[in-house]
Amino acid sequence: MRTVRLPGGETVPALGQGTWYMGERRAEAQTEADALRLGIDLGMTLIDTAEMYASGGAEQVVAQAVHGIRDRVFIVSKVLPQNASRAGTPAACERSLQRLRTDRIDLYLLHWRGGHPLAETVAAFEALKTAGKIRYWGVSNLDTADMQELLGVPGGAGCVSNQVLYHPDSRGIEFDLLPWCAGHGIPLMAYSPLGHNVRRLLGSSALQAVARRHGATPAQVAIAWGMRSGNVISIPKAADAAHVRENAAAGEIELTAEDLAAIDAVHRPPRRKTGLDLL
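Attention here is on the structure that accompanies the text. It should be emphasised that the depicted structure is a prediction, and the values quoted were computed from it without experimental measurement.

Calculation criteria
Residues numbered from 1 in each chain as written. Predicted model: local features only at pLDDT ≥ 70, side-chain atom pairs only at ≥ 80, totals over all residues. Heavy atoms only, no water. Phe/Tyr/Trp six-rings, centres within 6.5 Å; stacked < 30°, edge-to-face > 60°. Helix = DSSP H or I, 4+ residues; strand = E, 2+ residues; numbered from the N terminus. Buried < 20%, exposed > 50% of the residue type's maximum accessible area, 1.4 Å probe, protein only. Lys NZ or Arg CZ within 6 Å of the ring centre and 35° of its normal. Salt bridge = Lys/Arg side-chain N within 4 Å of Asp/Glu carboxyl O. Polar contact = N/O pair within 3.5 Å; in protein donor to acceptor, adjacent residues only side chain to side chain. Contact = heavy atoms within 4.5 Å. Arc of directions from axis to C-beta. Core = buried A, V, L, I, M, F, W, Y, C linked by side-chain atoms within 4.5 Å. Pairing = 2+ DSSP bridges. Axes fitted to C-alpha atoms, helices over the stretch in contact; angles between N-to-C directions. Right-handed = clockwise from strand over helix to strand, strands pointing away.

Observations concerning the packing of aromatic side chains
Here the distance between the centres and the angle between the planes together describe a pair of aromatic rings. All chains considered together, the criterion is met by six aromatic pairs. A ring pair is formed by Tyr108 and Phe125, whose centres lie 5.7 Å apart and whose planes are at 70°; its orientation type is edge-to-face. Of this pair, Tyr108 sits in strand β5 (residues 105-110) while Phe125 sits in helix α4 (residues 118-131), and the two are 17 residues apart along the sequence. Assessed through its relative accessible area of 0%, Tyr108 is described here as buried. A residue is classified by how much of its surface remains accessible, and Phe125, at 1% relative accessible area, is buried. Aromatic rings pair up to connect Trp20, Tyr21 and Tyr53 into one cluster. In this arrangement the basic side chain of Arg228 is found over the ring face of Trp225, its NZ or CZ atom lying 4.0 Å from the centre.

Right, here's the structure in full:
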């Protein structure tokens, strides 16, 4: 499994697992947990979740999946912006810890920017680190100007990741955010690496042609493409065993210059600054 280095030197898998839309139906929780457990066994030991997902239900699914193997897993969760005050952040963290049935969150993110000052959220994150409740903190859905502001607040340099939407049809971050983060040693985490309209993306002639050359699927190519820079962690979601195995195999694909040129010809890189894409 490829890895990405966090600021400070720790490495995490470049290919992890997402949990958006998990935990919404109690009857499916065990199947979802089993899928995550299989992914862990296949090396995708980074699991991303959030208090927002199914109002905490996804965190409970993660707890099922990591029961008895917690130390093998790097858990990422997120605090909602309305909870991200100096007092609200630790309270939200405690609720997440209870749902996850663990004593620490490995990486705790601000889900997106809201009304509370970044300085307040950062101060709360740093206090949680000192207390041992979280090991690292980061952000999600912050654009370049937000990241520049973040690094200017007290303790802001402690940010270890920014999670954003990134896939072949959403490449705006390549204009400035991706290189800025790389220059500051901050890895990006790509959520929804197959986009929201999965059928449309996987129908891409370029992805299909590259997939044929590698004996792979277009989905595997899209995931491999997102990780190509070495500074991006991809977190596709899978809720069944076949899908989990397909995602895991994407980590073995090495795209060539010819492959990348073919994808660029259809999914063109940005030529100017655009607003940050969100789902």
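With respect to the pattern of salt bridges
For the structure shown, the criterion picks out 17 salt bridges. The shortest N-O distance in the salt bridge between Asp71 and Arg104 comes to 2.9 Å. Note that Asp71 is positioned in the loop between α2 (57-66) and β4 (74-79) and Arg104 in the loop between α3 (88-100) and β5, a separation of 33 residues in sequence. For Asp71, a relative accessible area of 68% puts it in the exposed group. Between Asp143 and Lys273 there is a salt bridge, with its nearest N and O atoms 2.8 Å apart. With a gap of 130 residues between them, Asp143 in the loop between β6 (134-140) and α5 (144-152) and Lys273 in the segment after α11 (257-266) connect regions that are remote in the sequence. Asp143 gets classed as buried once you look at its relative accessible area, which sits at 14%. Each of the salt bridges in this network shares a partner with another, and the network as a whole consists of Glu10, Arg70, Asp106 and Arg135.

Some thoughts on the side chain of Gln17
Here Gln17 lies in the loop between β2 (11-13) and α1 (29-41). Residue classification places Gln17 among the buried positions, given a relative accessible area of 3%. One polar contact links the side chain of Gln17 to the main-chain carbonyl oxygen of Leu36, over a distance of 3.1 Å. Among the polar contacts made by the side chain of Gln17, one reaches the main-chain carbonyl oxygen of Met44 at a distance of 2.9 Å. Residues within four places of Gln17 in sequence aside, it is in contact with Ala35, Leu36, Gly39, Ile40, Met44, Leu46, Ile47, Asp48, Ile235 and Pro236.

A word on helix α10 (residues 241-250)
All of the buried residues along α10 are Val244, Asn247, Ala248 and Ala250. One side of α10 holds all its buried residues, which, seen down the axis, span an arc of 150°. Buried residues in α10 make contact with α1 and α9 (218-226). By the N-cap criterion, in which a side-chain oxygen at the helix start approaches the backbone nitrogen of a residue two or three places on, α10 is capped by Asp240, the distance to Ala242 being 3.2 Å.

Considering the nonpolar core
Counting 88 residues, the largest nonpolar core has Tyr108 and Met147 as its most contacted members. Setting aside chain neighbours within four positions, we find Met147 in contact with Val139, Leu142, Cys159, Asn162, Leu177, Trp180, Cys181 and Ile186.

What to know about the sheet that holds strand β7 (residues 159-165)
Judged by pairing direction, the sheet is parallel, and its seven strands sit side by side in the order β3-β4-β5-β6-β7-β8-β9 without closing on themselves. Of all strands in the sheet, those bounded by a partner on one side alone are β3 (46-48) and β9 (232-234). Here the strands of the sheet are splayed against their neighbours by 30° on average, with no regard to which way each runs. Judged from the three bridges that link them, strand β8 (residues 188-191) and β9 form a sheet pairing that is parallel. Looking at the pairing, Leu188 lines up with Val232 of β9.

Some thoughts on the pairing of β5
Regular strands place their side chains on alternate faces of the sheet. A large share of β5 lies buried, amounting to six of its six residues. Here β4 runs beside β5; their pairing, made up of four bridges, is parallel. Within the sheet, the bridge partner assigned to Val76 lies in β5 and is Leu107. Since β4 and β5 lie parallel, the crossover through α3 that links them has a hand, and here it is right-handed. In this region the chain leaves β5, passes through α4 and returns to the parallel neighbour β6; the handedness of that crossover is right-handed.

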